[in-house]
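# Structural description and commentary
If you want the building blocks of each chain, they are given just below.
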Amino acid sequence: MTTLAEPPRHQFQLDANRTAADGDRRAAVRKALHNYSSARDKTGATFNDWKSARNAASAIKHEAVNHLDRYLEEFESKFTARGGKVFWASDSKQARDYIIDLAKRKSVRAIVKSKAMTGEEIHLNQALLEEGFGVVESDLGEYIQQLKGEAPYHFVFPCMHLRRDEISDLFHKELGTAKTDSPEELTMIARRVLRRAYIDADMGISGGNFIVAETGMISITENEGNARLTVGLPKIHVALIGIEKVVPRLADLALFLPMLATAGTGQHMTGYNSMYGGPRQPGELDGPEEFHVILLDNHRTRLLADPEQRDALHCIRCGACLNVCPIFKNIGGHAYGTTYQGPIGSVITPHFRGLEDWKHLSGASSLCGACTETCPVGIDIHHHLLHNRRNAAAQKPAKGEQLLWKAFAFLMQRPALYRLASRFAPLGSLLHPLVSGSPLDPVRSWTSTREFPHAPMRSFRDQFREHQAAKKGVASSGTQQGAKR
Amino acid sequence: MNANSGDRNAVLGRIREALREEAPLKHPAERSAGGAPTTAHFREWLPPVGSRIDERLELFTRLSQTLRSELTLCENIAAAAAAVTELAAQENWKTIALHKSDLLDGLRCLLPASLNLLTVDEGYDKDALEACDAGITQCELLVAQTGSVCVTSSNDGGRVLSVLPPHHIVVARRSQLVSDLTEAYASLASKYRGTYPSMISFITGPSRTGDIERILVLGAHGPKRLSILLLP
Ligand code: SF4
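Residues numbered from 1 in each chain as written. Chains lettered and ligands numbered in written order. Predicted model: local features only at pLDDT ≥ 70, side-chain atom pairs only at ≥ 80, totals over all residues. Heavy atoms only, no water.

### Quick word on the overall build of chain B
This is how the line gets drawn: Secondary structure elements are defined from DSSP: runs of H or I of at least 4 residues count as helices, runs of E of at least 2 residues count as strands, and each element is numbered from the N terminus. The buried label goes to any residue with under 20% of its type's maximum accessible area, the exposed label to any with over 50%, and the partly exposed label to all in between, with areas taken from a 1.4 Å probe on protein chains only. Pairs of residues are marked as contacts when any of their non-hydrogen atoms sit within 4.5 Å. Residue-level accessible areas treat just the shown protein chains as cover; the underlying method is Shrake-Rupley with a 1.4 Å probe. A positive count includes Lys and Arg, and a negative count includes Asp and Glu. His and the chain ends are not counted in either. Just so you know, the charge point we use is NZ for Lys, CZ for Arg, CG for Asp and CD for Glu.
Of regular secondary structure, chain B possesses seven helices and twelve strands. By residue count, 55% of the 232 residues in chain B fall in the buried class. Considering only intrachain contacts with a sequence separation of at least 6, the fraction spanning at least 24 residues in chain B is 70%. With an accessible surface of roughly 9,600 Å², chain B has 49% of that area assigned to carbon and sulfur atoms. When the 24 basic and 27 acidic side-chain charges of chain B are each reduced to a single mean position, those positions are 4 Å apart.

Now the structure itself:
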């Protein structure tokens, strides 16, 4: 959780330290993720050829993202022809203002919202609340997080870190319901509360998983049916979507929907996959009178302008890279302090919110490449973390570190000096315990969390020389043993 | 900024500016001439279905089980009505909602008179629909590859009937079972020819959530049960 004033880097370090030491929480997260990976492996194995499917998905997103202007215009013209309204927002303020203004003009009284990370990104709920509009999150996980007053922990599984007893206590406190340890009963409590919300709301706000250029539709993927109700019952539907979410053709979803489900949750297909192309059409018996799509830039074009990392915009937000990430498993979602957590969040956040403030996230990686391996659209995630590190170093070189590397290079290019230095290393090793951990310790940032390696009395060079000498001795004495090796 | 379309020119301008430099294609895939891979290829990579109708039906049946959809093969519309009547007795239904269609009109007249029927076609009261024990719809298609039921807003009782009542009953014909999503989209495209309904929804099992400790619970917001009555 981000508190004010702390720079993101410090906040990250504090939160990461704290959560990494919270064994219970980590165990809960590990258990949840274990169930995920077995489901995913099983479903993935039913594909005839996952790798080719992945290459194709990557190629389709490449086509879409690299011709984004054309596809967005195509979407706009098709969508407006069917009575929809498109609003282009450069930043979060424009998007918020549009929604607030619309709500005022239409005298909206109650708003229901289905899951939209873009909503988190632009701090929509808070803005609406300040203007006097109550918003109810209808996705169960988001609803729980909203009651708790906490940001989502994971952009696909918002409350994966909470145990059922914590949720039961929360409901007891906020809704006055009896305590229970049954996930089913807890779900039914939320179901009862939220049913009213759909019926009472006159505006429904959703996100969107895909923008279909060819037919002027958006596609929403969900399991609960809450999005279906959110955009089915209220008289106004507003969808807030990042500009990068485009696929060229409707039939492309035949590939993306099963892949999103498999990578996201290990399902063959998520419970509800719905494509919406306009408000209620003539001859239809229900549906909203108005349908507004807000195309949100909010610095996505900065990432687009970097050809090296442009493919990070291919992301379909399945969350798989978080689920396999050893860092995410240990520090959890809140430590990131970002809307998009995990490896992909670490890649894109510096582009959205500034490299200087968010470069530390790119260091929070073991570079194991599990994220890249698992990504259904083949984004080179862990290399992009390296690119961010490189760009950060170029943008604002760390003077001390540069000096250190220069000294190191100087030393390495002079064998005699190196030999001399390595003679003194054991001495340093001997003296180090005297200052270790104290402010005088020259390698304190290392020793505060790790052991500093000891320099042995005999260096590798010494040992090698002795070994060679011994071998020569043996060889010249006529046996074959040494030569065999 | 324009009050209607917002920062359209600015956003498009930044996109065009950004795209002046080309990005390398990292994963060259099989491609049709000069574009993205053709949708005909998807079939080779996605989970296999089998080309015969009985193979499709078998896969759909198997997936329905895993998804906890309740699939019943009915010999004729009378058998379907009997199945609904039985469910109504089991769950003690008072009111069910449905829409008009040739298929459902045949069913409607075979239902017991004790059951109240709410017809949604001329509009409905939201609270009244919410209070119904079940909703009956027809569908566009069934998809073998994923175990899904495809409904649309213009054909199958609007946007809400299939998702608001706690039990959704779908009445379908065997000929509506297509092999995969590619075929489903092709079939929708040829039926609607560019004037699509405002909603196309693939429903895959009853409403579900795993948000609490990743434990599966059915009936999160939408139907707790999904029954599919399949006619020849
Ligand atoms: S980067 Fe890839 S794995 Fe991560 S959320 Fe996006 S699509 Fe999924």
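Resuming the write-up.
### Quick notes on the pattern of salt bridges
Residues and elements named next belong to chain A. We apply this condition: Here, a salt bridge means any Lys or Arg side-chain nitrogen found within 4 Å of an Asp or Glu carboxyl oxygen.
With the rule as written, the count across this model stands at 42 salt bridges over all chains. Measuring nitrogen to oxygen at the nearest pair gives 3.2 Å for the salt bridge that ties D101 to R105. With a gap of four residues between them, D101 and R105 both fall in helix α5 (residues 92–105), about one helical turn apart. Since its relative accessible area comes to 38%, D101 is described here as partly exposed. Linking D202 and R109 is a salt bridge whose minimum nitrogen-to-oxygen distance equals 3.0 Å. With D202 in the loop between α10 (183–200) and β4 (203–206) and R109 in the loop between α5 and β2 (110–113), this residue pair connects regions lying 93 residues apart in the sequence. R109 sits in the exposed class, given a relative accessible area of 64%.

### Structural notes on the packing of helix α9 (residues 164–175) of chain A against α10 of chain A
All names here are of chain A. What counts is decided by this rule: A fitted line through C-alpha atoms serves as each axis, taken over the contacting stretch for helices, and the angle formed by two N-to-C directions is quoted from 0 to 180°. It is the rotation of the near helix from the far one that decides the hand of a crossing: anticlockwise by less than a right angle makes it left-handed, clockwise makes it right-handed. Gly is placed with the polar residues, together with every amino acid not listed as nonpolar (Ala, Val, Leu, Ile, Met, Phe, Trp, Tyr, Cys and Pro) or charged (Asp, Glu, Lys and Arg).
Two elements in contact, α9 and α10, have axes whose closest approach is 10 Å; the angle formed by their N-to-C orientations is 35 degrees. With respect to the hand of their crossing, α9 and α10 are arranged in left-handed fashion. Contact residues: α9 offers R164, I167, S168, F171 and L175, while α10 offers P183, L186, I189, A190 and V193. For the contact of α9 with α10, the class distribution of residues is eight nonpolar, one polar and one charged.

### Concerning the interface of chain A and chain B
Stated formally: In short, buried area is how much 1.4 Å probe accessible area vanishes from two parts on joining, totalled over both.
Taken residue by residue, the interface counts 109 residues in chain A and 86 residues in chain B. Of the roughly 8,300 Å² buried between chain A and chain B, counting both surfaces, carbon and sulfur atoms make up 59%. Linking chain A to chain B there are eight salt bridges. E73 of chain A serves as the salt-bridge partner of R8 of chain B, at 3.4 Å between the closest nitrogen and oxygen. In terms of residue count, the dominant contributor to the side of chain A that touches chain B is α10 of chain A (eleven residues).

### Concerning the environment of A251 of chain A
As for its placement among the helices and strands, A251 of chain A is situated in the loop between β8 (246–247) and α12 (253–265). Distance from A251 of chain A to R423 of chain A, taken between C-alpha atoms, is 69 Å for residues 172 residues apart in sequence. When residues no more than four places from it in sequence are discounted, the contact partners of A251 of chain A are E214 of chain A together with T39, F42 and Y185 of chain B.

### Some remarks on the sheet that holds strand β9 (residues 272–276) of chain A
For clarity, the cut-off: Strand pairing is defined by DSSP finding a minimum of two bridges between the two strands.
Pairing within the open sheet is mixed, and its eight strands lie in the order β8(A)-β5(A)-β6(A)-β9(A)-β9(B)-β6(B)-β5(B)-β8(B). The open sheet has two free edges, formed respectively by β8 of chain A together with β8 (177–178) of chain B, since each of these has just one partner strand. Of the pairings in the sheet, the one linking strand β5 (residues 141–143) of chain B to strand β6 (residues 148–152) of chain B comprises three bridges and is antiparallel in character. Bridge assignment links L142 of chain B to a residue of β6 of chain B, and that residue is V149 of chain B.

### Comments concerning the packing of helix α2 (residues 23–45) of chain A against α12 of chain A
All names here are of chain A. Following both chains from N to C, one finds α2 and α12 inclined at 150 degrees, their axes separated by 7 Å at the closest point. The segment α2 lies against α12, with Y36, A39, R40, T43 and G44 engaging T262, A263, G264 and T265. When its residues are assigned to classes, the contact of α2 with α12 shows three nonpolar, five polar and one charged.

### Let's talk about the nonpolar core
As a reminder of what qualifies: What makes a nonpolar core is a set of buried Ala, Val, Leu, Ile, Met, Phe, Trp, Tyr and Cys residues whose side-chain atoms join them at distances within 4.5 Å.
In this structure, L255 of chain A together with Y185 and F202 of chain B are the most contacted members of the largest nonpolar core, which totals 155 residues. Residue contributions to this core peak at eight residues, all from α12 of chain A. Excluding residues that lie within four positions of it along the chain, Y185 of chain B makes contacts with L250, A251, L253, A254, L257 and M275 of chain A together with F202 of chain B. Residues I111, M203, V238 and L296 of chain A belong to the second largest nonpolar core, which totals 23 residues.

### Structural notes on the domain arrangement of chain A
Rules: Residue ranges labeled as domains rest on an automatic or database domain assignment.
Assigned domains within chain A: domain 1 (47–298) and domain 2 (424–484). Measuring from the centre of the C-alpha atoms in domain 1 of chain A to the corresponding centre in domain 2 of chain A gives 59 Å.

### Digging into the packing of aromatic side chains
All names here are of chain A. Put simply, the rule reads: When the centres of two rings from Phe, Tyr and Trp lie within 6.5 Å, Trp using its six-membered ring, the rings pair. Their planes under 30 degrees apart give stacked, over 60 give edge-to-face, and anything left gives tilted. For a Lys NZ or an Arg CZ to count as sitting over a ring, it must be within 6 Å of the ring centre and within 35 degrees of the ring normal.
What the rule picks out here adds up to 16 aromatic pairs over all chains. Ring plane angle 65 degrees and centroid distance 6.5 Å describe the contact between Y36 and F157, whose orientation is recorded as edge-to-face. A residue pair is termed long-range when its members are at least 10 positions apart, and Y36 in helix α2 and F157 in the loop between α8 (140–148) and α9 qualify at 121 residues. Judged by its relative accessible area of 4%, Y36 is buried. Ring geometry for Y143 versus F171: centroids 6.3 Å apart, planes at 55 degrees, classification tilted. Of this pair, Y143 sits in helix α8 while F171 sits in helix α9; the two residues are 28 residues apart in sequence, bridging distant segments of the chain. Relative accessible area serves as the criterion here: at 4%, Y143 is assigned to the buried category. The ring of Y71 carries the charged tip of R70 above its face, separated from the ring centre by 5.3 Å. Geometry around F410 places R414 over its ring, the cationic atom sitting 3.8 Å from the centre.

### Let's talk about the pairing of strand β12 (residues 225–231) of chain B
All names here are of chain B. Among the seven residues in β12, six count as buried, and that is most of the element. One ladder, built from four bridges, connects strand β1 (residues 70–73) with β12; its direction is parallel. When the sheet's bridge partners are listed, L73 is paired in β12 with L230. Bridge count for strand β7 (residues 167–173) against β12 is seven bridges, and the pairing is parallel. Of the residues in β12, the one forming a bridge with A172 is L230.

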